[in-house]
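If you want the building blocks of each chain, they are given just below.
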Amino acid sequence: MILIDALLSGVTLGGMYALIAMGLTLQYGVARIMNLSYGEFLIAAAFLAFWFFTGLGVNPPAGLLLVVPLAFLVNWAIYRALLTWLVARAKTRAALEVDSILATFGLLFVIQGIALVAFGGAYYSYSYLAVPVSVLGSTIAANRLVALAAAAVIGGGLYLVMTRTRLGTALRAVAVDPVAAQLVAIDIRAAAAFAFALGGGLVAAGGVLVSMFLTFSATMGVLFTMKALIVVIMGGVGNLMGCLVAGLLLGLAETLVSRFVDPGLTLAATFTLFLGILLWRPAGLFGKAAR
Amino acid sequence: MTFLPLIPATLLVAALATLPLYADGYCLSLSLSLLNYTVLATAWAMFSGPTRYVSLATVAFFGIGAYSVAVLGEVLPWPLVLLIAAAVGGAVALLVGLSTLRLSGVYFVVFTFGLAELIRQLVTWYEVNVTRALGRYVFVDVTQAQIYWQMLALATLVFLTGWLVGRSRLGFALRIIGDDETVAPHVGIDITIVKVALFALSAVFMTLAGAIMAPRWTYIDPAIAFNPMVSFQVLIMALLGGAGRLYGPLLGVIPLTLLFEFLIARFPNHFSIILGLVFLVIVYLVPNGVAGLTARRAAR
Amino acid sequence: MTRLLEISGLTRRFGGLVAVDGLSFGVAQGEIVGLLGPNGSGKTTALNLVSGALKPDAGTIMLDGRPIAGLRPDRIARLGLARTFQLVRVLGSMTCAENVVAGLAFRRPVLWGEAAARRAGALLDRVGLGGRGAMPADALTYIDQKRLELARGLALSPRILLLDEWLAGLNPSELQEGIALIRSLRAEGTTIVMVEHVMDAIRSLCDRCVVMNAGALIAEGPPAAVLADPAVISAYLGGDDA
């Protein structure tokens, strides 16, 4: 059944988008860094997973346990080394936004350049758990199901941490009002660094999962950055639920357009959806209107 | 008195116009690159400088210009081709501006970030499905020297327009919006119209640059015409020079065009990495550009 | 006779909070009306609705017989309504003269070039900033920035001027200068609505006061009477409904 088939792949893809966007919304909502090099970390993680699997024989779920903590540390170091400088320099939130856009735009080309030197411009993929499984009368590769399940576990875990723990409450407080958060003894610099690193960990997880069932290349990071940004803004900046809904929406829209209309028009569909939602609700699906 | 800077500027343009009479091919081609980036960076700064809305869509308009020539160059007379290219670029800018410039600045950045890729995919889709051939040969009978003179004329026009806009109410409105977007409407400025108008104006110049440069390639495909590296280079140049002033981007274009030329020749594989590092250095160490540094020193 | 500004049934909600709740009052030509109320009572929201910064959910606003509710702020400014901001907003990268020209260049009729420069000089004199036209606006002291913001508002030749806590944060001697300046505007016939907490200023400047609490109007009348009203006192001191 072709429709169920399309819906299944749409949900898988959408789940990946949602997971990736959750990391970006942490970086942008809490740490206030608009990170244009975000997708490059996804591609880096995908290459690492590829290398672990084909070179060292480590399977991707196990690779996840290595790649994610590594990405967390790298992103934490990047925030401390590169971005705190901009945070200290910026007089206003808007100034930080512009500075972070510029700095991470530079970072994008550095990381992409390194990936190009190391792997060239070719497409990569590997075959892990590529066995067909029958779901609702349609067949789907097991690796997609594993990726979707892992994304659901990670995303759900993040949601629980953000809503049920002191740490999550502190991060949300910084997102809503950094000045007031300071007044209740939250170290906003540490919180911002942590949120940025956590975002980096999430996108790396996304990269490992995506590499299990999609082909990827050194220059594809930008596309993922763009889609993550679109999902974050569509869902409402800083809102995890918004990421989930908007991510699924985007994944479904892309899959349906590519299946039933034309694969060359998926990006056009993405942008139409993005603009349509913004013109309808300027603050995003779950965003609060500014007072 | 206020027209005084026009005299040395006229002399400079006249001197530059004689270049093709004695320069060799390499020198002319390098000068053409310089002019091209001058037009693109100055046009970029015309909108993004005062408003501080970072546009990442330069190559989207450049590519529209180049593609218009590839499609129409053989069929129509050259001035008409330029006119149509400018109209298409302006129309796309109006569409993008009207739908995103009413929203917060970040949405605009995100949209321009994807715009070149979006248009590249649409052109690819059209070529594959309708014309059934991805690349096109550019058949326009024009010499390198003629391209150079056209670019020089366009560069002159950009500076003249920028200078006039800077002295007009439109330019003043843009500066007010850049300073405080909350105040601007309360003194009677329709901020959407102002932003969209300037965005479209700057896009028209970028489109024309792409159209004039197109005959230099004999063959173009969407990946060549919409190469995101161009947007990035223009951004770096404008920021190094300083986007707050009309002549600012020029101060970035000259050293960086030469540097990039050298880098591409010497380190073709590491170009992107070095470019990114150069850019980071500029963002961290020269945040207001060279023009900003000198202006601050002059103010002391 | 209709009054210059006539507000009726003005309402604005933020989610579940009704910030302005069925507010109605009017301002006659040449009058100075004080808009009072405890913090959070909706005064600034009301000013934002009148000046177009926010759109009302319900209600009408008439400026000289023309409906302006829900119009864009630039349209309302061009119809002759000027405002200052609670937290002073000058254009920091520009000179004082340019700040005032900002108020002249986009109103109707437009003033630009030589004529605008002359008029800007006169307006700077008017607010006590004579001779400082070439100074960068962000180099001014707090009171002078407030003066500059007022000059920018006056540049619009407004039929009505909205002042949002224009006298707040001034020291006692600056306050006296500020009160004198507003009084001199009244002498010229400028119509003013001022949100204010400084009681001395309200007593000496306002013809009439409108008091809001929790978004709604709770008292209206001459300053002395209004400030003695038990409902007003309990709103300020935190009565049982606050």
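Each value, and the rule that gives it
Residues numbered from 1 in each chain as written. Chains lettered and ligands numbered in written order. Predicted model: local features only at pLDDT ≥ 70, side-chain atom pairs only at ≥ 80, totals over all residues. Heavy atoms only, no water. Helix = DSSP H or I, 4+ residues; strand = E, 2+ residues; numbered from the N terminus. Buried < 20%, exposed > 50% of the residue type's maximum accessible area, 1.4 Å probe, protein only. Contact = heavy atoms within 4.5 Å. Areas by Shrake-Rupley, 256 points an atom, 1.4 Å probe, with all protein chains shown as cover. Lys, Arg positive; Asp, Glu negative; His and termini not counted. Charge placed at Lys NZ, Arg CZ, Asp CG, Glu CD. Salt bridge = Lys/Arg side-chain N within 4 Å of Asp/Glu carboxyl O. Polar contact = N/O pair within 3.5 Å; in protein donor to acceptor, adjacent residues only side chain to side chain. Nonpolar A, V, L, I, M, F, W, Y, C, P; charged D, E, K, R; others polar. Pairing = 2+ DSSP bridges. Axes fitted to C-alpha atoms, helices over the stretch in contact; angles between N-to-C directions.

*Asks:* Could you clarify how one ought to interpret the overall build of chain C in this entry?
*Replies:* Counting its regular elements, chain C contains 9 helices and 10 strands. In terms of principal-axis extent, the alpha carbons of chain C reach across some 55 × 40 × 35 Å. Burial statistics for chain C: of 242 residues in total, 52% are counted as buried. Of the contacts made within chain C by residues no fewer than 6 positions apart, 62% connect residues no fewer than 24 positions apart. By element, 54% of the accessible surface of chain C is carried by carbon and sulfur atoms, the whole surface being about 9,600 Å². Averaged over its 25 positive side-chain charges, chain C has a centre that lies 7 Å from the centre of its 24 negative ones.

*Asks:* Which parts of the structure should I look at to understand the pattern of salt bridges?
*Replies:* Pairing between side chains of opposite charge can happen when the charged atoms of each approach one another. Residue and element names in this part refer to chain C. This structure, assessed with the given rule, holds 21 salt bridges over all chains. Note that Arg-126 is salt-bridged to Glu-188, the shortest N-O span being 2.7 Å. Here Glu-188 lies in the loop between helix H6 (172-187) and strand S8 (191-195) and Arg-126 lies in helix H4 (residues 114-126), a separation of 62 residues in the sequence. By relative accessible area, Arg-126 is classed as partly exposed at 24%. The exposure class of Glu-188 is exposed, given its relative accessible area of 53%. Note that Asp-207 is salt-bridged to Arg-186, the shortest N-O span being 3.3 Å. Linking Asp-207 in the loop between helix H7 (199-205) and strand S9 (208-213) with Arg-186 in helix H6, this pair joins segments that are 21 residues apart in sequence. What makes Arg-186 partly exposed here is its relative accessible area of 25%. Salt bridges linked by common partners bring Arg-132, Asp-144, Arg-147 and Glu-177 together as one network.

*Asks:* Even after reading the chapter, I still don't get the interface of chain B and chain A, so can you show me in this structure?
*Replies:* Bring the parts together and some accessible area is lost; that lost area is often taken as the interface size. Opposite the 37 residues of chain B that make contact, chain A presents 43 residues. Counting every contact that joins chain B to chain A gives 0 salt bridges. Viewed at the interface, chain A and chain B are joined by 5 residue pairs in polar contact (both at pLDDT 80 or more). Here the side of chain B that touches chain A is composed, by residue class, of 25 nonpolar, 9 polar and 3 charged.

*Asks:* What is the right way to read unusual backbone geometry from this model?
*Replies:* Only a minority of non-glycine residues have a phi that is not negative, and only a minority of peptide bonds are not trans. Residue C:Arg108 is joined to C:Pro109 through a cis peptide bond whose omega torsion reads -5°. Within the secondary structure, C:Pro109 sits in the loop between helix H3 (96-104) and H4. In this structure, B:Arg132 is a non-glycine residue whose phi angle is positive, near 65°. Counting through the fold element by element, B:Arg132 comes out in the loop between helix H6 (105-131) and strand S1 (136-137). By relative accessible area, which is 66% here, B:Arg132 ends up exposed. A positive phi angle is found at C:Glu165, which is not glycine, with a value near 50°. Looking at the secondary structure, you find C:Glu165 in the loop between strand S7 (160-164) and H6.

*Asks:* Which parts of the structure should I look at to understand the side chain of C:Arg12?
*Replies:* Residues and elements named next belong to chain C. For Arg-12, the location among the structural elements is in strand S1 (residues 5-14). Buried charge Arg-12 goes without a salt bridge, the closest partner of opposite sign being Asp-57 at 4.3 Å. Residues contacting Arg-12, with those up to four places away along its chain left out, are Leu-17, Val-18, Ala-19, Val-20, Thr-45, Leu-49, Leu-54, Lys-55 and Asp-57.

*Asks:* What's the story with the sheet that holds S8(C) in this structure? I'm lost.
*Replies:* One key point about sheets: their strands pair by backbone hydrogen bonds, in either a parallel or an antiparallel sense. All names here are of chain C. Read across the open sheet, the 6 strands follow the order S6-S7-S8-S3-S9-S10; overall the sheet is mixed. For this open sheet the edge positions go to strand S6 (81-83) and strand S10 (216-221), each flanked by a neighbour on one side alone. Taking each pair of neighbouring strands and ignoring which way they run, the sheet shows an average axis angle of 20°. Relative to the sheet, H6 contacts strand S3 (32-36), S7 and S8, its axis offset from that of S8 by approximately 150°. Against the sheet, helix H9 (residues 230-237) makes contact with S3, S9 and S10, and its axis sits at roughly 130° relative to S10, the strand it touches most.

*Asks:* What should I look at first to understand the pairing of strand S4 (residues 58-63) of chain C in this one?
*Replies:* One face of the sheet, then the other: side chains in a regular strand alternate in exactly this way. All names here are of chain C. In terms of strand pairing, S1 meets S4 through 5 bridges, oriented antiparallel. Note that in S4 the partner of Ser-8 across the bridge is Thr-60. Linking S4 to strand S5 (residues 66-67), which pair antiparallel, is a turn of 2 residues; within it Asp-64 sits at a positive phi near 55°.

*Asks:* Help me understand the pairing of S9(C), please; the structure alone is not making it clear to me.
*Replies:* Residues and elements named next belong to chain C. With 6 of 6 residues buried, S9 lies mostly within the body of the structure. Judged from the 5 bridges that link them, S9 and S10 form a sheet pairing that is antiparallel. The partner of Asn-213 across the bridge, within S10, is Ala-216. In textbook terms, the turn of a hairpin is the stretch between consecutive antiparallel strands, and for S9 and S10 this stretch comprises 2 residues, one of which, Ala-214, has a positive phi near 50°.

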